[in-house]
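Residues per chain are reported as follows:
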Amino acid sequence: GLKPGMGVLALIKASLVVGALPDPNMRLSACNLLAGRVGRLTPGAVNADVAIDLDGGGTMTAIITLASARSLHLGKGVEVLAVVNASMIILGTMD
């Protein structure tokens, strides 16, 4: 089982990550909001892969619709939040 101080790995499927723009008035049921900036935006025919360089280090990828990427005016360097429901996170131990 998990113990304090133990190394863990969090696995989150990219299609389950929601992208949002920082807004102090935003109200969500999801508690996991990871701040960062768009590091790369790869548009496809229907969806866009958005690589988010997290403020705390590391990168998280979100797959969102191309229409959403356009409506949020996403591009390299834009501040974003990666929003994830806790039930979508799988933890694995590093030991």
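Residues numbered from 1 in each chain as written. Predicted model: local features only at pLDDT ≥ 70, side-chain atom pairs only at ≥ 80, totals over all residues. Heavy atoms only, no water.

Some thoughts on the sheet that holds strand β4 (residues 47-54)
Within the open sheet, the five strands sit side by side as β2-β6-β3-β4-β5. Their pairing is antiparallel. Each edge of the open sheet carries a strand with a single partner, namely β2 (18-20) and β5 (59-65). Strand-to-strand, the axes of this sheet are offset by a mean angle of 45 degrees, without reference to chain direction. As paired elements, β2 and strand β6 (residues 79-84) share three bridges and run antiparallel to each other. Bridge pairing links G19 to A82 in β6. (Pairing = 2+ DSSP bridges. Helix = DSSP H or I, 4+ residues; strand = E, 2+ residues; numbered from the N terminus. Axes fitted to C-alpha atoms, helices over the stretch in contact; angles between N-to-C directions.)

Topic: unusual backbone geometry
With a phi close to 55 degrees, H73 is a non-glycine residue in the positive phi region. Overall, H73 belongs to the exposed group, its relative accessible area being 65%. (Buried < 20%, exposed > 50% of the residue type's maximum accessible area, 1.4 Å probe, protein only.)

Quick look at the nonpolar core
Inside soluble globular proteins, nonpolar side chains tend to come together where they are buried. Counting 15 residues, the largest nonpolar core has V17, V50, I52, M60, I64 and L74 as its most contacted members. Of all the secondary structure elements, the ones that give two or more residues to this core are β4, β5, α1 (66-71) and β6. Contact partners of V50, with chain neighbours within four places excluded, come to V38, R40, L41, M60, T61, A62, I64 and L74. (Core = buried A, V, L, I, M, F, W, Y, C linked by side-chain atoms within 4.5 Å. Contact = heavy atoms within 4.5 Å.)

Observations concerning a nonpolar patch on the surface
Residues L9, L11, I90 and M94 make up a contiguous nonpolar surface patch of about 410 Å² in total accessible area. With respect to the secondary-structure elements, L9 resides in strand β1 (residues 8-11). Overall, L9 belongs to the partly exposed group, its relative accessible area being 43%. (Patch = residues over 30% accessible without salt bridge, like charges linked within 9 Å, V, L, I, M, F, W, Y side chains within 5 Å. Areas by Shrake-Rupley, 256 points an atom, 1.4 Å probe, with all protein chains shown as cover. Salt bridge = Lys/Arg side-chain N within 4 Å of Asp/Glu carboxyl O.)

Concerning the pairing of β6
It is a general feature of regular strands that their side chains alternate between the two faces of the sheet. Summarising burial for β6: five of the six residues are buried, a large majority. Across six bridges, the pairing between strand β3 (residues 32-43) and β6 is antiparallel. By the bridge assignment, R37 is partnered in β6 with E79.

Overview of the pattern of salt bridges
Within the structure shown, the criterion is met by one salt bridge. In this structure, E79 engages R37 in a salt bridge whose closest nitrogen and oxygen atoms are separated by 3.6 Å. With E79 in strand β6 and R37 in strand β3, this pair connects stretches of sequence that are 42 residues apart. A relative accessible area of 40% means that R37 is categorised as partly exposed.

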